[in-house]
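Residues per chain are reported as follows:
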Amino acid sequence: MSEPGPFEFRHPARRILFGWGVIDRLSEIAKAHGARRAALVTDACFRDSALVERLTGALTDGFDRPPVVHFMPSREPDTDGVGDCHRALAAADPDLVVAMGGGSTMDAAKVARIMLANPGTASELAGFDRRHVPHPSLAIGVPTTAGTGSEVSEMAVVSEAGSDVKLRYRSAALPFDVALLDPELTVSMPRVVTAQTGFDAFTHALESYVSRGANLMTEPMSRSALSLLARWLPVACDEPTHREARAWCLVASMQAAVAFNSTQLGLCHAIAAPLGALHHVVHGLANAIALPAVVAYNEPMFGAKARVVAEALGAPTAREGVARLRERVGLDRGLDEFVASDAERDAIAWAAVKSGNMAFNPRPADFDAVRGVVEAMRRAPGAGVSA
Ligand SMILES: [Fe+2]
């Protein structure tokens, strides 16, 4: 056995708690921290919900006042929405910030919270590996989807208001201190949201597994997430109340994010970003449109991992397995539904080539190569399978 190779691993969350009903430990965790002034940031869809009432109750007894609750609009966050969230947090002066919702809400809350401790607008604080001053509050992330894994990552993505620019953030001050993973919160997700967010998580698992940054610390996480999502995502889509499926999908989305927080992603996310920014395609669906064609391009460079991926998906090849999974969860869509012209396809390819994720893609890709992948995404079903 040869000695281990060099690696870098960033452990983003100090504490991850998983379990049915674990949300009920919020009060105990808050009290152990000595919190007196809580703020809750959550999705607008939870307004007047029993869930918000439950959390508000948990954050009232033993506090100086009931929590300030800020609802994020039901769309991908932009700098205006983050600015509003920051103002609400600044007025609340919290020593505990709880963000409960999908990845968009958690990302917005992460950025708004660092604005409490750092001068500047949301746009000015964007960037990778910034030295943001940490805010002293305890930050708790509570995902209600099994998708982005934002609850355990050092990263966030926010759109620049009024433009097509996606701002990316990464700093040691961004992550939550505690992630509470309660599968009960994911049970009410509609099928299409389960499929889209779950396919995003699957893409994280696959891209981190074959990333140039993959290493002995990340690969077990990626591989576990890959196998779990291949098995349980279709079940969660078909049977929303299936306990095992919901639980495993939530665990897997977290594992994939712990891995990609160190490995970064690849060509699929490089293409999904402009698809979202320029054509407003929902992130998980953008990944579903791109992934089979991306895997068809990358698979020759997977090495021994090609077999692992194919076996996890129960298919003869990785590319076929990915296409089958996409079809199985009802996301077998072609790019032509969203993008009409060669000029627009060129723009997507140019944006992808400039993505920071390209350095981690297992196979180098210049503009012509990426443009070929984008071309292979046009048709559905089975886009890219025969490439
Ligand atoms: Fe993603």
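Residues numbered from 1 in each chain as written. Predicted model: local features only at pLDDT ≥ 70, side-chain atom pairs only at ≥ 80, totals over all residues. Heavy atoms only, no water.

Turning our attention to the overall build of the protein chain. Counting secondary structure elements, the protein chain contains 13 helices and nine strands. The C-alpha atoms of the protein chain give 20 Å as radius of gyration, which agrees with the globular expectation for 387 residues (21 Å, within 12%). Principal-axis analysis of the C-alpha atoms gives the protein chain an extent of 60 × 45 × 40 Å. Within the span of the protein chain, comprising 387 residues, buried residues form 59% of the whole. (Helix = DSSP H or I, 4+ residues; strand = E, 2+ residues; numbered from the N terminus. Rg over C-alpha atoms; globule rule 2.2 N^0.38 Å. Buried < 20%, exposed > 50% of the residue type's maximum accessible area, 1.4 Å probe, protein only.)

The next thing to look at is the sheet that holds strand β3 (residues 68–72). Sheet strands associate in pairs through backbone hydrogen bonding, adopting either a parallel or an antiparallel arrangement. Taking strand neighbours across the sheet as the criterion, the six strands line up as β1-β9-β6-β4-β2-β3 in an open arrangement whose pairing is parallel. Two strands in the sheet have a free side with no partner beyond their single neighbour: β1 (15–18) and β3. If you compare each strand with its neighbour and ignore which way they point, the axes differ by 15° on average. Judged from the six bridges that link them, strand β4 (residues 96–101) and strand β6 (residues 138–143) form a sheet pairing that is parallel. Counterpart to A99 in the pairing with β6 is G141. Together, β1, β4, β6 and β9 (178–181) form the strand contacts of helix α1 (residues 26–33), whose direction differs from that of β6 by roughly 170°. (Pairing = 2+ DSSP bridges. Axes fitted to C-alpha atoms, helices over the stretch in contact; angles between N-to-C directions. Contact = heavy atoms within 4.5 Å.)

By the secondary structure assignment, N357 is in the loop between α12 (342–353) and α13 (367–376). A distance of 3.0 Å separates the side chain of N357 from the backbone nitrogen of L265, its partner in a polar contact. With residues near it in sequence (within four places) discarded, N357 still touches R168, Q264, L265, G266, H269 and A270. (Polar contact = N/O pair within 3.5 Å; in protein donor to acceptor, adjacent residues only side chain to side chain.)

Our next topic: the sheet that holds strand β5 (residues 127–128). Ordered in space as β5-β8-β7, the three strands form an open sheet in which the pairing is mixed. Here the strands that pair on one side only, and so sit at the sheet edges, are β5 and β7 (155–159). In this structure, β7 lies alongside strand β8 (residues 166–170), joined through five bridges in antiparallel fashion. The residue bridging S159 from the neighbouring strand is K166, located in β8.

Let us look at the pairing of β6. Judged by how many residues are buried, β6 sits mostly within the fold: six of six residues are covered. Burial along β6 is two-sided: the face carrying L138, I140 and V142 and the face carrying A139, G141 and P143 are both buried. Across two bridges, β6 lies against β9 in parallel orientation. Its bridge partner lying in β9, G141 is registered against A179.

Segmenting the protein chain into domains produces domain 1 (15–186) and domain 2 (191–376). Taking only C-alpha atoms, the centre of domain 1 and the centre of domain 2 are 26 Å apart. Each partner contributes to the interface: domain 1 provides 24 residues, whereas domain 2 provides 26 residues. Buried area between domain 1 and domain 2, both sides added, is near 2,000 Å², and the carbon and sulfur share of it is 62%. (Domains from an automatic or database assignment. Buried area = accessible area lost by both parts, 1.4 Å probe.)

This paragraph deals with the coordination of the iron ion. Those donors, D200 (OD), H204 (NE2), H269 (NE2) and H283 (NE2), are the protein atoms that reach the iron ion, and they lie 2.2 Å from it. Coordination at the iron ion is irregular, judged from the four donor atoms that bind it and the angles of 85 to 168° they form at the metal. One chain supplies every donor for the iron ion, spaced along it as D-x3-H-x64-H-x13-H. A residue pair is termed long-range when its members are at least 10 positions apart, and D200 in helix α5 (residues 191–210) and H283 in helix α9 (residues 283–298) qualify at 83 residues. On the accessibility criterion, H283 (26% relative accessible area) is partly exposed. (Donors = N, O, S within 2.8 Å, 3.2 Å for Na, K, Ca; no water. Tetrahedral: all angles 85-135°; square planar, octahedral: opposite > 155°, others 65-115°.)

Once rolled over the atoms, a probe with the size of a water molecule shows which space is left empty. Here the second largest pocket defines a volume of roughly 250 Å³. Taken together, 17 residues form the lining of the second largest pocket, with E76, S159, K166, G276 and H280 sitting closest to its centre. Looking at side-chain class alone, the lining of the second largest pocket contains six nonpolar, five polar and six charged residues. When residues of the lining of the second largest pocket are assigned to domains, at least three fall in each of domain 1 (15–186) and domain 2 (191–376). (1 Å grid on protein atoms, 1.4 Å probe; cavity = no way out; pocket = protein on both sides within 12 Å on 5 of 7 lines; lining within 4 Å. Points joined across faces, edges and corners; volume = space filled by probe spheres on them. Nonpolar A, V, L, I, M, F, W, Y, C, P; charged D, E, K, R; others polar.)

With that settled, the discussion passes to a nonpolar patch on the surface. Among the surface-exposed residues, F7, L216 and M217 lie close enough to one another that they form a single nonpolar patch of about 270 Å² accessible area. If you trace the backbone, M217 turns up in the loop between α5 and α6 (219–238). (Patch = residues over 30% accessible without salt bridge, like charges linked within 9 Å, V, L, I, M, F, W, Y side chains within 5 Å. Areas by Shrake-Rupley, 256 points an atom, 1.4 Å probe, with all protein chains shown as cover. Salt bridge = Lys/Arg side-chain N within 4 Å of Asp/Glu carboxyl O.)

All told, the structure shown has one cavity of 30 Å³ or more when counted by the stated rule. In this model, the largest cavity occupies a volume close to 60 Å³. Together, L206, E207, V210, G266, L291, V294, V295, N298, F302, N361 and P362 line the largest cavity. When residues of the lining of the largest cavity are traced back to their parent elements, those giving at least two are α5 and α9.

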